[in-house]
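Secondary and tertiary structure notes
The residues making up each chain are set out below.
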Amino acid sequence: MAAASLTAFAQKPKPTPTPLPEDPQSIRIPIRRVRLPITVMDKKGNFVPGLTKNDFVILEDKVPQTIETFSDDLAPTLPLYVAVLMDTSPSTAGKLKFQQESAMNFIATVVKARKDRVLFGTFDDEITLLQDFTERLDLLDKAVYSVKKMGKQTALFDAIWQFCDEKMRSVPGRRVLLLVTDGEDTYSRANIRDAIDIAQRTETTIFAISTKAGFLSTVPGVEAGQVADKKDRDLQTLAEETGGSAFFTGDMIALEKSFNRISKELRAQYLVTYDPTNKKYDGTFRKIDVKLADGRGDLKVKTKKGYKAIADSVMP
């Protein structure tokens, strides 16, 4: 499809949810239940299967919640909707080929043909949708490698906000957003908390690939895999607070191993829903804490850190 710019976010005031158009083919309901994709790993980083509803304790603002639905086999059957967003700002100049290869390798590794859907967009001082959700790898390949020019600034947080608000909330299944970026933001009206908020409210898990070492001559004193500055920490925070992960490497082989791990994680997640005991949509942040009932300290539980209680609409 032809490139389509999303609304020029840099001209907007503080971000607010976009009204959703009426769609006779789908039903969007106010969020009354919280859905959590949960990953459980052992000390070696292996995913732990075979747990049951009774193995989990969910706390919201320290108040125990009653699990309404639980499934350890729904994750492989629900489609993935993946938004791949690539940084085309000046700070990534010289890394374009690395970024394009990273994006396509991720798509080819993680996405299941005839089941999952992917969109591709770019962000600099403009936020552009180059290919809407599709299962066709040829269209995605064409869109990814059609990028030739770099922009003037970096609107990373605005891009997360807009794609989550305008695209991710309106699709069914599980939602994943992949960032291919060095993590620097120079142009957004939104801040990192805004970006995390909209991802959490639209049940979107963020994974990030840092391109800081995605070229032959790395920054002096900075090694691939090292979280060295605020940009790196921002990518880690975006990922961790939405239940995802951030990767810092310029080695394509290492990246492919990371992509395989992401793919396995997305297929190994437990999916849990609960009806919050606090029914008020008062705009406060609700902290989520998921623990194992037997208190096993040898296992690590990963999911989103919480959500802002706002009357919102999202596809179930």
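These lines cover the structure that appears in this document, whether it is placed above or below. Because the structure is a prediction, the values reported are computed rather than measured.

1. A look at the packing of helix H4 (residues 192-201) against helix H5 (residues 230-240)
Between H4 and H5, the least distance of the axes is 10 Å, while the angle of their chain directions is 20°. If you check the angle between H4 and H5, you find them roughly parallel. In the packing of H4 onto H5, the handedness of the crossing is right-handed. Residues Ile 192, Arg 193, Ala 195 and Ile 196 of H4 lie in contact with H5, whose contacting residues are Asp 234, Thr 237 and Leu 238. The class makeup of the residues in the contact of H4 with H5 is 4 nonpolar, 1 polar and 2 charged.

2. Thoughts on the pattern of salt bridges
Using the criterion set out here, one finds 18 salt bridges in the structure. For Asp 275, the salt bridge is made with Arg 33, and the minimal N-O distance between the two is 3.8 Å. Of the two residues, Asp 275 is situated in the loop between strand S13 (270-274) and strand S14 (285-292) and Arg 33 in the loop between strand S2 (29-30) and strand S3 (34-41); the sequence distance between them amounts to 242 residues. Look at Asp 275 and you get partly exposed, because its relative accessible area is 25%. Linking Arg 175 and Glu 203 is a salt bridge whose minimum nitrogen-to-oxygen distance equals 3.2 Å.

3. Considerations on helix H3 (residues 156-166)
The buried fraction of H3 amounts to 10 of the 11 residues, a majority that puts the element mostly inside the structure. Buried within H3 are the following residues: Leu 156, Phe 157, Asp 158, Ala 159, Ile 160, Trp 161, Gln 162, Phe 163, Cys 164 and Asp 165.

4. Some details on the pairing of strand S7 (residues 80-87)
Within S7, 8 of the 8 residues are buried, which leaves the element mostly enclosed by the surrounding structure. Residues Leu 80, Val 82, Val 84 and Met 86 of S7 are buried on one face, and the alternating residues Tyr 81, Ala 83, Leu 85 and Asp 87, pointing to the opposite face, are buried as well. Pairing geometry for S7 and strand S10 (residues 174-181), over 7 bridges, is parallel. Opposite Leu 85, over in S10, you have Leu 179 as the bridge partner. Taken together, the 7 bridges between S7 and strand S8 (residues 117-123) define a ladder with parallel strand orientation. When the bridges of S8 are listed, Ala 83 appears paired with Leu 119.

5. Here's the deal with the sheet that holds S14
Pairing is antiparallel across the open sheet formed by 4 strands, whose spatial order is S5-S4-S14-S16. Strands at the two margins of the open sheet, each flanked by one partner only, are strand S5 (63-65) and strand S16 (306-308). Shown here is a sheet whose adjacent strand axes are inclined to one another by a mean of 30°, direction ignored. Relative to S16, S14 is paired through 3 bridges, and the arrangement is antiparallel. The residue of S16 that forms the bridge with Phe 285 is Lys 308.

6. Overview of the side chain of Arg 175
Checked against the element boundaries, Arg 175 lands in strand S10. Within the local environment of Arg 175, its side chain forms a polar contact with the backbone oxygen of Met 168, the two atoms lying 2.8 Å apart.

7. Observations regarding the sheet that holds S3
Spatially, 4 strands are ordered S6-S13-S3-S15 in an open sheet, and the strand pairing comes out antiparallel. Two strands close off the open sheet at either side, each with one partner strand: strand S6 (67-71) and strand S15 (300-302). Here the strands of the sheet are splayed against their neighbours by 25° on average, with no regard to which way each runs. As defined by bridge partners, S3 adjoins S15 across 3 bridges and the pair is classed as antiparallel. Across the sheet, Met 41 pairs through a bridge with Lys 300, a residue of S15.

What counts and how
- Residues numbered from 1 in each chain as written.
- Predicted model: local features only at pLDDT ≥ 70, side-chain atom pairs only at ≥ 80, totals over all residues.
- Heavy atoms only, no water.
- Axes fitted to C-alpha atoms, helices over the stretch in contact; angles between N-to-C directions.
- Helix = DSSP H or I, 4+ residues; strand = E, 2+ residues; numbered from the N terminus.
- Parallel < 35°, antiparallel > 145°, perpendicular 65-115°, else oblique.
- Left-handed = near helix turned anticlockwise from the far one by under 90°.
- Contact = heavy atoms within 4.5 Å.
- Nonpolar A, V, L, I, M, F, W, Y, C, P; charged D, E, K, R; others polar.
- Salt bridge = Lys/Arg side-chain N within 4 Å of Asp/Glu carboxyl O.
- Buried < 20%, exposed > 50% of the residue type's maximum accessible area, 1.4 Å probe, protein only.
- Pairing = 2+ DSSP bridges.
- Polar contact = N/O pair within 3.5 Å; in protein donor to acceptor, adjacent residues only side chain to side chain.

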